[in-house]
Number of protein chains: 2
Amino acid sequence: MISFVVEATDRGSAARAGQLGTPHGEVPTPVFMPVGTHAAVRALTPEQLSQTGARIVLANTYHLALRPGPELVQKAGGLHSFMAWRGPILTDSGGFQVFSLPRKEITAEGVRFASEIDGRVIMLTPERVIEIQHGLGADIIMPLDECTPYPATRELATRGVRNSLRWLERCIAAHASNDQTLFGIVQGSVYADLRRECAEAMVKLDLPGYAIGGVSVGEGLEELKRIVAATAPHLPPDRPRYLMGVGLPEDLLEAIELGMDLFDCVIPTRFARSATLFTRRGRIRMTHRRYRRDFYPIDPSCACYACEHFSRVYIHHLYQSNEILGTVLGAIHNMSFYQTLMKEARKAILSGAFLRFKRAFLSEYLGESGREN
Amino acid sequence: MISFVVEATDRGSAARAGQLGTPHGEVPTPVFMPVGTHAAVRALTPEQLSQTGARIVLANTYHLALRPGPELVQKAGGLHSFMAWRGPILTDSGGFQVFSLPRKEITAEGVRFASEIDGRVIMLTPERVIEIQHGLGADIIMPLDECTPYPATRELATRGVRNSLRWLERCIAAHASNDQTLFGIVQGSVYADLRRECAEAMVKLDLPGYAIGGVSVGEGLEELKRIVAATAPHLPPDRPRYLMGVGLPEDLLEAIELGMDLFDCVIPTRFARSATLFTRRGRIRMTHRRYRRDFYPIDPSCACYACEHFSRVYIHHLYQSNEILGTVLGAIHNMSFYQTLMKEARKAILSGAFLRFKRAFLSEYLGESGREN
């Protein structure tokens, strides 16, 4: 099981700094979890990932259930041993991926869909989702939920809340007491009253942590902020709060301000593959010809392995030459950028100056010279 | 400049163990040089490469001359600084690549061809090749040579020898005395008398090292052995001997037996990209379904990072999921396999038992269970 302690709450906002205790070690929060879809964070060895400052990773139940299958992962000693990651792991439920499929059938029982790999028809029920995650063996596991798309009618959002709540209850029943910790996932789309209703009903179930789901589905930052503002205050302050699938650096800072603790997103590794790298002065496209003769590191203020050893002229050259090492170094840098951002946000919260930190960061990051270039 | 000391010659063969001294450190021989075509060894950071046991790397003058260009590399502080490799570097002359182009014009002056990148017509002369390599700044540099294709008429092979010799003399004249060391490259195709003639003429030029070129062009192991046997004895025993572009583990052992010291080849990294990995019991195709439930490491006798932390079931899964990490771990393993092979060959030579080592290795590697599977 996990433990969670709020060490400090920011003076001017709901931002908090905490410690999440897991069977695989302590995690200072707020924390960003790299995504290892197939039990591998794109392009990075666990050693490199750990050097970026990452402490906890996310793996996708949906992808791993299809291949190699939970039985094989369990036989390999569980996810930690399978992917050689010694720190804590969180697995999502697969709900988000299944609800993104074009053809699926949703009933009160669960979701039915055809495997992308071999066309086999698969039925995902709350019980099966828990069983799969027991096989994978992550520290934190998630219940099957109905991820409402955006935009959604109130009717669709209401069904999402109802199904997610009922399925959560079945997940709790199916979740044999063991070292793994089950969170709840609040749905309700953009409807503040539905979000609150869903949160309150789930809080009654007294779970060790709560997530806000149904975001990062195209709603944009302003809508995201409204959703988090309508939900977070109804979650117990002594439990970790996880915002699923978010996001860009600016999204993370807004959500931290509203009291969220855990985040995951594919952006750092995905952007690295397309040569988009993060710097304190905004995003840069390393393939742009302006970097052909630029002898500075990717971000002169960064201390990661890539910035310590290589210049933009070299990284530009790697991307131009389609060298895998470009993606590797880009991923190391982007992940380090995210981890450093969270570390600094945490430090600012501990000293009660989160809003000042956020303002200073965003001013430099989004400022005139900070447009993507 | 380099130094070279033969520490031991094998009791039953021409195999030797030596020490190659360079401005960037000592290299025990025989040695395998990973190929960093674009100043990057495919998929590996310099840190990972160094952990495989690699001590000296090769970079391709042809590719780097086209992009990013020698001037930019020089401005970045030379290849060592550009690619963050602290050990010694050897650059080839680009001759091999240019002679592989379908359309090129060979004159006594040099070679003319169109750039693959922008169609620009480029004239490569002995003087230009030296100038480019002075810009790149490798420890060991190579002269422009005419790489004779296979098969070749005696007439064509004779022209290759004549051009290579004249161009070498011009390279020597163009090579201002500096820290870089220029080798000679012996051509002559499969004609033993031409090889010998070329070697003897080049030895008169008293170069600090010699290479055998015009191999790895489709001639096969038996022809390769005949070429090396016809050439190596005519090279001075107190200078390093470099067999260019070779090869498979079995090729390396045969060439070591005939007295060769340095090797380079893209095989370890190229094979890793297509999931072909080396083990003491032969090559294996990691995508084969037999590895879907195989919980052993890639090679149970290997101590590399990949074998220390991961099972075949995981590596198989990475390749099946098109995860870059599969290629990264495969490259780490294959390169470690090559470096270990060279280390063990050297140890066997030092104890006068190279032939026994070779026999034992090949028996296990090529044996019944060692077919590619």
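Residues numbered from 1 in each chain as written. Chains lettered and ligands numbered in written order. Predicted model: local features only at pLDDT ≥ 70, side-chain atom pairs only at ≥ 80, totals over all residues.

**Thoughts on the relation of the copies chain A and chain B**
Look at the two chain copies: a rotation about an axis and a shift along it is all it takes to match them. Defined as follows: Copy-to-copy superposition: least squares on the C-alpha atoms, limited to residues that have pLDDT of at least 70 in both copies. Any pair of residues counts as being in contact when their C-beta atoms, constructed from backbone geometry, are within 7 Å of one another.
Each copy of the sequence occupies a distinct position, and chain A is placed on chain B by a rotation of 180° and an axial shift of 0.0 Å, giving an RMSD of 0.0 Å. Viewed as a symmetry operation, the transformation between the two copies matches a two-fold axis. No C-alpha of chain A approaches the rotation axis more nearly than that of Ile-324 of chain A, which lies at 4.0 Å. A symmetric contact is evident, with 100% of the interface residues of chain A recurring at the interface of chain B.

**Here we look at helix H10 (residues 249-257) of chain B**
Residue and element names in this part refer to chain B. Let me state the cut-off plainly: Neighbour density around each residue's C-beta defines its exposure: 20 or more other C-beta atoms within 10 Å make it buried, 12 or fewer make it exposed, and counts between make it partly exposed, where C-beta atoms are placed from the backbone. Per the convention used, a helix needs a DSSP run of H or I reaching at least four residues, while a strand needs a run of E reaching at least two, with both numbered from the N terminus.
With respect to burial, H10 is a largely interior element, eight of its nine residues being buried. Buried within H10 we find Pro-249, Asp-251, Leu-252, Leu-253, Glu-254, Ala-255, Ile-256 and Glu-257. Gly-259 sits one or two positions beyond H10 and adopts a positive phi of about 100°.

**Considering the environment of Glu-146 of chain B**
One can find Glu-146 of chain B in the loop between strand S10 (140-141) and helix H7 (154-174). Once the C-alpha coordinates of Glu-146 of chain B and Gly-213 of chain B are considered, the two residues, 67 residues apart in sequence, prove to be 9.0 Å apart.

**Some thoughts on the pairing of strand S4 (residues 31-36) of chain A**
All names here are of chain A. In plain terms, the rule: Pairing between strands is defined by DSSP: at least two bridges between the two strands are required. Seen with its strands pointing away from the viewer, a crossover is right-handed when the path leading from the first strand over the helix to the second is clockwise.
Most of S4 is tucked away: five of the six residues are buried. Where S4 lies against strand S15 (residues 262-265), four bridges are found, and the strand directions are parallel. If you follow Met-33 over to S15, its bridge partner there is Asp-264. Note that S4 and strand S5 (residues 57-59) share two bridges and pair parallel. Each residue of the ladder has a partner; that of Gly-36, found in S5, is Ala-59. In terms of handedness, the path from S4 via helix H1 (residues 46-51) over to S5 forms a crossover that is right-handed.

**Details of the domain arrangement of chain A**
Residues and elements named next belong to chain A. So the rule is basically this: By convention here, the domain bounds are inherited from an automatic or database domain assignment. Only Asp, Glu, Lys and Arg are considered charged, only Ala, Val, Leu, Ile, Met, Phe, Trp, Tyr, Cys and Pro nonpolar, and every remaining residue, Gly among them, polar.
Each assigned domain of chain A is listed with its residue range as follows: domain 1 (3-265) and domain 2 (276-370). Computed from C-alpha atoms alone, the centre-to-centre distance between domain 1 and domain 2 is 27 Å. Between domain 1 and domain 2, the residue contacts involve 29 residues of the former and 27 residues of the latter. Mapped by element, the contributors of at least two residues to the side of domain 1 that touches domain 2 are strand S1 (3-9), strand S2 (16-22), S4, H1 and helix H10 (249-257). Along the lines of polarity and charge, the residues of the side of domain 1 that touches domain 2 split into 16 nonpolar, six polar and seven charged.

**Let's talk about the packing of helix H7 (residues 154-174) of chain A against helix H8 (residues 192-203) of chain A**
Residue and element names in this part refer to chain A. We count it as follows: Helix axes are fitted only over the stretch in contact, all axes being lines through C-alpha atoms; the angle between N-to-C directions runs from 0 to 180 degrees. Orientation categories follow fixed angle ranges, with anything under 35 degrees roughly parallel, anything over 145 roughly antiparallel, 65 to 115 roughly perpendicular, and all other angles oblique.
Where H7 meets H8, the closest approach of the two axes is 10 Å, and the angle between their N-to-C directions is 10°. Between H7 and H8, the angle is such that the two are roughly parallel. In this structure, H7 uses Ala-157, Thr-158, Val-161, Ser-164, Leu-165 and Leu-168 to contact H8, whose residues at the interface are Leu-194, Glu-197, Cys-198, Ala-201 and Met-202. Residue composition of the contact of H7 with H8, by class: eight nonpolar, two polar and one charged.

**Brief notes about the interface of chain A and chain B**
Residue-level contacts link 28 residues of chain A with 29 residues of chain B. Those elements that place two or more of their residues in the side of chain A that touches chain B are helix H13 (312-320) and helix H14 (324-350) of chain A. Sorting elements by how many residues they give to the side of chain A that touches chain B places H13 of chain A first, with five residues. Across the side of chain A that touches chain B, the residue classes tally to 16 nonpolar, eight polar and four charged.

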